[in-house]
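A look at the structure
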Amino acid sequence: MKTVDQCDFKDKKALIRVDFNVPLDKDFTITDDKRMRAALPTITKILNDGGSVILMSHLGRPKGGPEEKYSLKHILADLSKMLNVEVQFADDCIGAQATDKAKDLKAGQVLLLENLRFYKEEEKGDKEFAGKLAKLGDVYVNDAFGTAHRAHASTSIIAQFFPAEKYFGYLMAEELKNAEKINNNADKPFTAIMGGAKVSDKILLIESLLEKVDNLIIGGGMAYTFAKAQGGEIGTSLLEADRMELCLELLEKAKAKGVNLLLPVDTVIADKFDNEAEKKNVDAGQIPADWMGLDIGPKSVALFAEVIKNSKTLLWNGPMGVFEMANFEQGTRAIADAVVAGTKENDAFSLIGGGDSAAAIAKFGLEEEVSYVSTGGGALLEYMEGKELPGVKAIND
Ligand code: AMP
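Remember, predicted model here, so these are calculated numbers, not experimental data. (Residues numbered from 1 in each chain as written. Predicted model: local features only at pLDDT ≥ 70, side-chain atom pairs only at ≥ 80, totals over all residues. Heavy atoms only, no water.)

A short note on the sheet that holds strand β1 (residues 13–17)
A sheet is described by the order of its strands in space; here six strands give the open sequence β3-β4-β2-β1-β5-β6, paired in parallel fashion. Because the sheet does not close on itself, it has two edges, and the strands there are β3 (88–90) and β6 (166–168). Each adjacent strand pair in this sheet contributes to an overall mean axis angle of 25°, direction not counted. One ladder, built from three bridges, connects β3 with strand β4 (residues 110–113); its direction is parallel. When the sheet's bridge partners are listed, Gln88 is paired in β4 with Leu111. (Pairing = 2+ DSSP bridges. Helix = DSSP H or I, 4+ residues; strand = E, 2+ residues; numbered from the N terminus. Axes fitted to C-alpha atoms, helices over the stretch in contact; angles between N-to-C directions.)

Right under this line is the structure:
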């Protein structure tokens, strides 16, 4: 793997694609800076070599033009503090100002470019736009695992302008190493824990996991479509009616492959989608009309935890319930505790998929207690599905 370790950056300008797509509150205060902290080792290595750094990222989902709330200037002060360097800012990622500031950059200095997605050319993977960005640096580094599954101008197309001078950053290398460990070298028993809202988002992953895992635990909103498909009553719980047939097929496939597929045996139900709703526990598939399932119940927790604690490899993607509401977080919290216990007491390797599972682990303060928390949601899922990520391919080619 071609990483930044293979390059001496002395007197070189490194153009680094980072993933600084961090959540901001209404006052533009960063509420979770994990993605920024994760990029620091790569930046520091280049600066210590005697190079300079030009950082490019997207933030949020602008509609193809500048939008104040998605300006990367909101993160400038925090970034400067983290790096202990006064980071410069170009208020357009291409054009005269960016070109001049990049040209004047001295060893040890850092320049942050404005949000790449202020140009629709970024997501379109426009070659001309990629070429304009490429002119700013001597070396291209990709350290943005969170967007590695996108063939965007800055994540993939740009690499062709640096045929000999393109490298993975440390974060990318670490993410790929951990994902690979699960994909092809998982110690057994291997248990995948899937949750979240929709079956449809995760079908390909479930199918690919059925080839590899010993146990597949399914919780969260998607479990209700399975319950309904098996003839259960699910009230007003999340349902993807057009996926019921598929759920039955997945159950059959699991049986044929000898995979132990576990579904919740009980569920916490609520009379409305509200933290203050009235709630009670019922067996799976026994939800009264007008009630909805918002978490897995205690019997499911016990069943799942037992399997988790006896596993040697754990992959967790998606919460077991609506963990954002304190009254419906217990199932997700208990599963997080079981993953921690498996990691510590059974020496399991535990990989937490990005997105909502990462948010849940962070909410419970358990990030340091598991083996690895990925910064990539969609990217990790696509990697696990066996797809080649465009951001990875572009460096490897
Ligand atoms: P995903 O992005 O597919 O991983 O889904 C994560 C979201 O699923 C979280 O915001 C959870 O609140 C939500 N979720 C999990 N379980 C349920 C449920 N039983 N009913 C409704 N939403 C759920």
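Focus on the domain arrangement of the chain
The assigned domain composition of the chain is domain 1 (4–174) and domain 2 (186–384). Just the C-alpha atoms count here: the centres of domain 1 and domain 2 sit 35 Å apart. Contacts between the two partners involve nine residues from domain 1, matched on the other side by 10 residues from domain 2. In total, about 870 Å² of surface goes out of reach between domain 1 and domain 2, with carbon and sulfur atoms giving 61% of it. Viewed at the interface, domain 2 and domain 1 are joined by zero salt bridges. The interface formed by domain 1 and domain 2 contains two residue pairs in polar contact (both at pLDDT 80 or more). The set of elements that each furnish at least two residues to the side of domain 1 that touches domain 2 consists of α1 (34–49) and α6 (170–184). Considering every element that reaches the side of domain 1 that touches domain 2, the biggest residue donor is α1, with three residues. Classifying every residue of the side of domain 1 that touches domain 2 gives four nonpolar, two polar and three charged. (Domains from an automatic or database assignment. Contact = heavy atoms within 4.5 Å. Buried area = accessible area lost by both parts, 1.4 Å probe. Salt bridge = Lys/Arg side-chain N within 4 Å of Asp/Glu carboxyl O. Polar contact = N/O pair within 3.5 Å; in protein donor to acceptor, adjacent residues only side chain to side chain. Nonpolar A, V, L, I, M, F, W, Y, C, P; charged D, E, K, R; others polar.)

Section: the layout of surface pockets
The space that makes up the largest pocket amounts to roughly 1000 Å³. Among the elements of the structure, β14 (292–296), α12 (355–363) and α13 (378–384) are those that each provide at least two residues to the lining of the largest pocket. The biggest single contributor to the lining of the largest pocket is β14, with four residues. Per-class residue counts for the lining of the largest pocket are 11 nonpolar, 21 polar and 15 charged. Residue-level mapping places the lining of the largest pocket at the junction of two domains, with at least three residues from each of domain 1 (4–174) and domain 2 (186–384). Size it by volume and the second largest pocket reaches roughly 520 Å³. Broken down by secondary-structure element, the contributors of at least two residues to the lining of the second largest pocket are α1 and α12. Among the elements that line the lining of the second largest pocket, the one with the most residues is α12, at five residues. Residues belonging to the lining of the second largest pocket are distributed by class as follows: 10 nonpolar, seven polar and eight charged. (1 Å grid on protein atoms, 1.4 Å probe; cavity = no way out; pocket = protein on both sides within 12 Å on 5 of 7 lines; lining within 4 Å. Points joined across faces, edges and corners; volume = space filled by probe spheres on them.)

A word on α6
For α6, which comprises 15 residues, the first-to-last C-alpha distance of 21 Å matches the rise-based estimate of 21 Å (1.5 Å per residue) to within 8%. Burial in α6 covers these residues: Leu171, Met172, Ala173, Glu175, Leu176, Asn178, Ala179, Ile182 and Asn183. (Expected span 1.5 Å × (residues − 1). Buried < 20%, exposed > 50% of the residue type's maximum accessible area, 1.4 Å probe, protein only.)

Side note on the sheet that holds strand β15 (residues 313–317)
Paired through their backbone hydrogen bonds, the strands of a sheet run either parallel or antiparallel. Sheet architecture is open: six strands sit in the order β10-β8-β7-β15-β16-β17, paired in parallel fashion. The open sheet terminates on both sides in strands that have one partner only, identified here as β10 (260–262) and β17 (372–373). Relative to strand β8 (residues 215–218), strand β7 (residues 190–194) runs parallel, the two sharing four bridges. Among the inter-strand pairings, Met194 is bridged to a residue of β8, identified as Ile218.

Considerations on the packing of aromatic side chains
The final tally for this structure, using the stated rule, is three aromatic pairs. Centre to centre, the rings of Tyr119 and Phe129 are 5.3 Å apart; their planes meet at 35°, and the pair counts as tilted. In this pair, Tyr119 is assigned in the loop between β4 and α4 (120–124) and Phe129 in helix α5 (residues 127–134), connecting sequence segments 10 residues apart. An angle of 25° between the planes, with centres 5.9 Å apart, marks the rings of Tyr140 and Phe162 as stacked. Of this pair, Tyr140 sits in strand β5 (residues 139–142) while Phe162 sits in the loop between β5 and β6, and the two are 22 residues apart along the sequence. By the burial criterion, Tyr140 is buried, and Phe162 matches it. We note Lys2 situated over the ring of Tyr167; from NZ or CZ to the ring centre the distance is 5.1 Å. (Phe/Tyr/Trp six-rings, centres within 6.5 Å; stacked < 30°, edge-to-face > 60°. Lys NZ or Arg CZ within 6 Å of the ring centre and 35° of its normal.)

Focus on the site of the ligand
Taken together, 14 residues sit near the ligand, with Ala197, Gly221, Gly293, Glu324 and Asp356 positioned nearest. Ala197 has a polar backbone atom sitting 3.0 Å from an oxygen atom of the ligand. Contact between the ligand and Lys202: an oxygen atom at 3.2 Å from a side-chain N or O atom of the residue. For the ligand, the protein covers 80% of the area, taking 500 Å² as the surface of the free molecule. The cavity that encloses the ligand is the largest pocket. Here the shell around the ligand is built from residues that sort into six nonpolar, five polar and three charged. (Near = heavy atom within 4 Å. Areas by Shrake-Rupley, 256 points an atom, 1.4 Å probe, with all protein chains shown as cover. Sits in = over half its atoms within 2 Å of the grid points.)

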